Amino acid sequence: MPHLPPMPALRAFEAAARHLNVTRAAEEIGLTHGAVSHQIRELEARLGVRLFEREPRGLTLTPAGDTYRRYVEAALAQLRDGGAAVARQGKGRVLTVSVSPNFAHKWLVPRLGRFLEAHPDIDLRLSASVRHVDFRGGDIDMAVRHGDGNWPALDVAKLCDERVFPVCSPALAARIGGLAGLTGQTLLHDRDPAAWRDWLGRFGVAAPVPPHGPVFDQTSLAVDAAVAGQGVALARSALVALDLAAGRLVRPVEEATDAPFAYWIVCPPQTARTPAIARFRAWLLEQAAV
């Protein structure tokens, strides 16, 4: 590709454009002042435009230089990301996945043995965090996020939609007589006591005022309290599926509402087809379909 400028010239231009100072650019990339100036002049000659205005107090970008800077910065960032992705592959089949603590505790970890048994060659590492990770750091390969799926810079696949409904222990369910009976029970709250009020209100039932029952900062804790018979939790379907299947929890009423968000599998587009990511994504989708 004869029209591509040499990499040293691009690095010299990017550093000079960022610092607007040839001396600092030269120090950063390990070249002499003269070498950086030469690379920039060669690049200008190749492109047929001036990239900088040389002034007594330093450099300023010309309009053409400012336009070219944006392209060069994006290209170098892509090369760095590609190098990081290849380097991770070179270290073996290490797969680092970010998930929320709730999803890890109630959905992923109980199922994980099946994946590890089927894929012993993948060294899986889980990172549980409530924050959405920034993939630009290169430490996380993929994530399962709870949200609306609107992350245009990422490769996105829906894992599952959710429904919201009450759950409790079988013994407690026997004492609840329909929706109205919920208001006489201990209601387990997930951070927002208004959630029960809003959910019951959808069906014309008034929640206790003030709301009674403990408040937990994690949904998984409210669900575990419900398993222990401590009250009724308002739960999302994905986080209680295994407890319902095992009979540790039951639904004391049939009413349910659609959750506003879903679970999504996300990763950088440039690594979406790497074997370890593709295999883990396929396994997650298989598990969600069961």
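The preceding data block contains the structure.
If you're wondering where the values come from, they're calculated on a predicted model, not measured in any experiment. (Residues numbered from 1 in each chain as written. Predicted model: local features only at pLDDT ≥ 70, side-chain atom pairs only at ≥ 80, totals over all residues. Heavy atoms only, no water.)

Peer 1: Residue-level account of the packing of helix H2 (residues 22-29) against helix H3 (residues 33-47), with values.
Peer 2: Remark: H2 packs on H3, axes separated minimally by 8 Å, with the N-to-C direction vectors making an angle of 105 degrees. In terms of their interaxial angle, H2 and H3 are classed as roughly perpendicular. Of the residues in H3, those touching H2 at Val-22, Thr-23, Ala-26 and Ile-29 are His-33, Val-36 and Ser-37. The class makeup of the residues in the contact of H2 with H3 is four nonpolar, three polar and no charged. (Axes fitted to C-alpha atoms, helices over the stretch in contact; angles between N-to-C directions. Helix = DSSP H or I, 4+ residues; strand = E, 2+ residues; numbered from the N terminus. Parallel < 35°, antiparallel > 145°, perpendicular 65-115°, else oblique. Contact = heavy atoms within 4.5 Å. Nonpolar A, V, L, I, M, F, W, Y, C, P; charged D, E, K, R; others polar.)

Peer 1: Break down the pattern of salt bridges for me, citing the residues and quoting the values.
Peer 2: Enumeration over the complete set of coordinates arrives at 18 salt bridges. Notably, a salt bridge pairs Asp-224 with Lys-106, separated by 3.0 Å at the nearest N-O pair. With Asp-224 in helix H9 (residues 219-227) and Lys-106 in helix H5 (residues 101-118), the pair connects residues that are 118 residues apart, well separated along the chain. Given a relative accessible area of 29%, Asp-224 falls into the partly exposed group. The class of Lys-106 is buried, set by a relative accessible area of 8%. A salt bridge links Asp-155 to Arg-281; its shortest N-O distance comes to 3.5 Å. Taken together, the residues Asp-155 in strand S6 (residues 155-160) and Arg-281 in helix H11 (residues 275-289) connect sequence positions 126 residues apart. Through salt bridges that share partners, Asp-66, Arg-69, Arg-70 and Glu-73 make up one connected network. (Salt bridge = Lys/Arg side-chain N within 4 Å of Asp/Glu carboxyl O. Buried < 20%, exposed > 50% of the residue type's maximum accessible area, 1.4 Å probe, protein only.)

Everything listed here is a matter of geometry and, on its own, says nothing about what the molecule does.
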